[in-house]
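# Coordinate inspection notes
Listed here are the chains, written in short residue letters.
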Amino acid sequence: MTQSFDIAIVGGGLAGGLAALAFASKDFSCAIIDAGDPKKMRTAGFDGRTTAISYASARVFRRLDLWDQIAPHAEPIRDILVTDGRAKSRFDEGTVSSFHLHFDSRELGDDQPLGFIVENRILRNVMFDAIATHDNITLIAPAKRNATQFDSARAVVTLEDGQEIVAALVVAADGRMSSLRAEANIKTNQWRYRQTGIVATVAHERPHEGVAQEFFLPAGPFAILPMTENRSSLVWTEKSDAADAYMRLDDDKFRIEIENRFGEYLGALEPAGPRWSYPLAFTLAQSYVAPRLALIGDAAHAIHPIAGQGFNLGVKDIAALVDVITEGRDVGLDIGALTVLQNYQQWRRFDSAALALGTDLLNRLFSNDFTPLRIARDIGMGAVNSIAPLRTFFMRQAGADMGTLPSLMARET
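Residues numbered from 1 in each chain as written. Predicted model: local features only at pLDDT ≥ 70, side-chain atom pairs only at ≥ 80, totals over all residues. Heavy atoms only, no water.

## Thoughts on the confidence of the model for the protein
Predicted coordinates in regions of low pLDDT should not be interpreted in detail. For the record, the criterion: Predictor confidence is given residue by residue as pLDDT, running from a minimum of 0 to a maximum of 100. By definition in these notes, contact holds between two residues if any of their heavy atoms fall within 4.5 Å.
Considering every residue of the protein, the mean pLDDT works out to 91; 96% of them sit at 70 or more. Every residue in residues 87–98 scores below 50 in pLDDT, and together they form 24 contacts with partners more than four places removed in sequence or on other chains.

Shown next, in the form of structure tokens:
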């Protein structure tokens, strides 16, 4: 059986699903091919992580008519407090360490939160619901890709069951270990960190008031991200050899460990659901395109979670690629031609590489307890915190609201 589409998207995760909905909104016919079972991917136990959505990325969900379903489950981030070490938070008795950064959304002057924290299962379910009712999208899952062939006129994705999916363009949304990227002989710069990310949800006694906190500890950053219903998501970076031991603790001992890092400002804590862990690594593709192939999301760049920007980089990839491909089609060009796709690469690669390398540098700078370096970085944090224009710059950067923005992310006029 052969089916033909404008675009074949390999990978049905958050990036692949959003890409299909964005392309379909511009009247492209899309196939999503994923090896996973959509029913399993919808369950609460499939993925207990949360995603930080910048306020510019949230515009994409609004313009695709998805935000109304997401908003009741999205916790706005009103403040971000960053401290070097376990300093007192502004909710503890006493005062915050003078060496800290406080980003206050009210300084932006437009009643805009700095971003939102949303559970991955919510995003996935909202996307799957929209995909199921969209005339321009066909979800082919579970289905394993067997091979992909590219020629001057088309791409043919052959599935394990013999189906052939013909498209003008293939979008690789198949993650950090992208097999499509490898088959296209696109090289990467990559390395593993000696760190593991531990993700868990905790319920707490007191309200978080929309404050996200990040403590830079010697083993790595420890982030507390506000969720709905008096809950917070922990993104705990730990040395890999110690992380396994923490993951094996029972709930009571695990609670004691997080209390030691949390402090007392949210009152009594209780683990709320299972915990996950994953090794941390850096991957940056040396090219984002090949003839009839474009990389998005983690297939193009997988970065350290220290700044919570991984998904937002992918959203910007999607929005930029949609603009480039739409413009190419509208002037009669072949949307899979390398000359068209290079416009996408020129738009995205420098921006994402700069942020990826910046997060790598931050992690290396703060994940240690070397005294002279700690003194220097603390002085730097204090200086940035005292200069309002610098604070605003970093808030705009965190909001993915700088540079040339794709139309789906552009500010409302």
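## Topic: the packing of aromatic side chains
Quick reminder of the rule: Stacked, edge-to-face and tilted labels apply to pairs of Phe, Tyr and Trp rings (six-membered ring for Trp) whose centres lie within 6.5 Å, assigned for plane angles under 30 degrees, over 60, and everything in between, in that order. Elements are defined by DSSP. Helices are runs of H or I of four residues or more, strands are runs of E of two residues or more, and each kind is numbered from the N terminus. Residue exposure (1.4 Å probe, protein chains only): buried if accessible area is under 20% of the type maximum, exposed if over 50%, otherwise partly exposed.
Within the structure shown, the criterion is met by 13 aromatic pairs. With a centroid separation of 6.4 Å and 80 degrees between ring planes, the pair formed by Phe-222 and Phe-262 is classed as edge-to-face. One end of the pair, Phe-222, is in strand β14 (residues 220–227); the other, Phe-262, is in helix α8 (residues 251–262), and 40 residues separate them in sequence. Side by side, Phe-222 and Phe-262 carry an identical accessibility label, which is buried.

## Things to note about the side chain of Thr-359
Assignment of secondary structure puts Thr-359 in helix α10 (residues 338–366). Aside from chain neighbours lying at most four places away, what touches Thr-359 is Ile-303, His-304, Ile-306 and Ala-307.

## Notes on unusual backbone geometry
The residue after Ala-141, namely Pro-142, is reached through a cis peptide bond having omega -5 degrees. The backbone phi angle of Glu-209 is positive, close to 60 degrees, even though this residue is not glycine. Note that Glu-209 resides in the loop between β12 (188–204) and β13 (211–217). Backbone geometry at Glu-229 places phi at a positive 60 degrees, although glycine is not the residue there. Here Glu-229 shows up in the loop between β14 and β15 (231–239).

## A few points about the pairing of strand β11 (residues 164–172)
Regular strands have side chains that alternate between both faces of the sheet. Going by this rule: Paired strands are those between which DSSP finds at least two bridges.
Taking burial as the measure, the nine residues of β11 include seven buried ones, the bulk of the element. Summarising the sheet, strand β1 (residues 2–10) and β11 pair through eight bridges and their orientation is parallel. Paired with Thr-2 across the strands is Glu-164, a residue of β11. Relative to β11, strand β10 (residues 155–159) is paired through four bridges, and the arrangement is antiparallel. Considered in β11, the bridge of Val-156 is made with Val-166. Count of turn residues in the β10/β11 antiparallel hairpin: four residues, of which Gly-162 carries a positive phi of about 95 degrees. Across three bridges, the pairing between β11 and strand β19 (residues 293–295) is parallel. Paired with Val-171 across the bridge in β19 is Ala-294.

## Points about the side chain of Arg-348
How we decide: In the analysis that follows, any N or O atom pair within 3.5 Å is treated as a polar contact, provided that within protein one partner can donate a hydrogen and the other can accept it, and provided that, for residues neighboring in sequence, both atoms belong to side chains.
With respect to the element layout, Arg-348 can be found in helix α10. A polar atom in the side chain of Arg-348 sits 2.8 Å from the side chain of Asp-317. Discounting chain neighbours no more than four positions away, the residues touching Arg-348 are Tyr-288, Leu-313, Lys-316, Asp-317 and Ala-320.

## Remarks on the packing of helix α9 (residues 310–330) against α10
Put simply, the rule reads: The axes used here are C-alpha line fits, helices contributing only the stretch in contact, and every angle between their N-to-C directions lies in the interval 0 to 180 degrees. Orientation categories follow fixed angle ranges, with anything under 35 degrees roughly parallel, anything over 145 roughly antiparallel, 65 to 115 roughly perpendicular, and all other angles oblique. In this scheme the crossing of two helices becomes right-handed for a clockwise turn of the near helix relative to the far one and left-handed for an anticlockwise turn of less than a right angle. Three categories are distinguished: nonpolar for Ala, Val, Leu, Ile, Met, Phe, Trp, Tyr, Cys and Pro, charged for Asp, Glu, Lys and Arg, and polar for the others, with Gly belonging to the last.
Two elements in contact, α9 and α10, have axes separated by 9 Å at closest approach and are oriented at 160 degrees. Considering the angle they form, α9 stands roughly antiparallel to α10. In the crossing of α9 with α10, the sense of the turn from one axis to the other is right-handed. Every residue of α10 that contacts α9 at Leu-313, Lys-316, Asp-317, Ala-320, Leu-321, Asp-323, Val-324 and Ile-325 is listed here: Val-340, Leu-341, Asn-343, Tyr-344, Trp-347, Arg-348, Asp-351, Ser-352 and Leu-355. Residue classes in the contact of α9 with α10 are distributed as 10 nonpolar, two polar and five charged.

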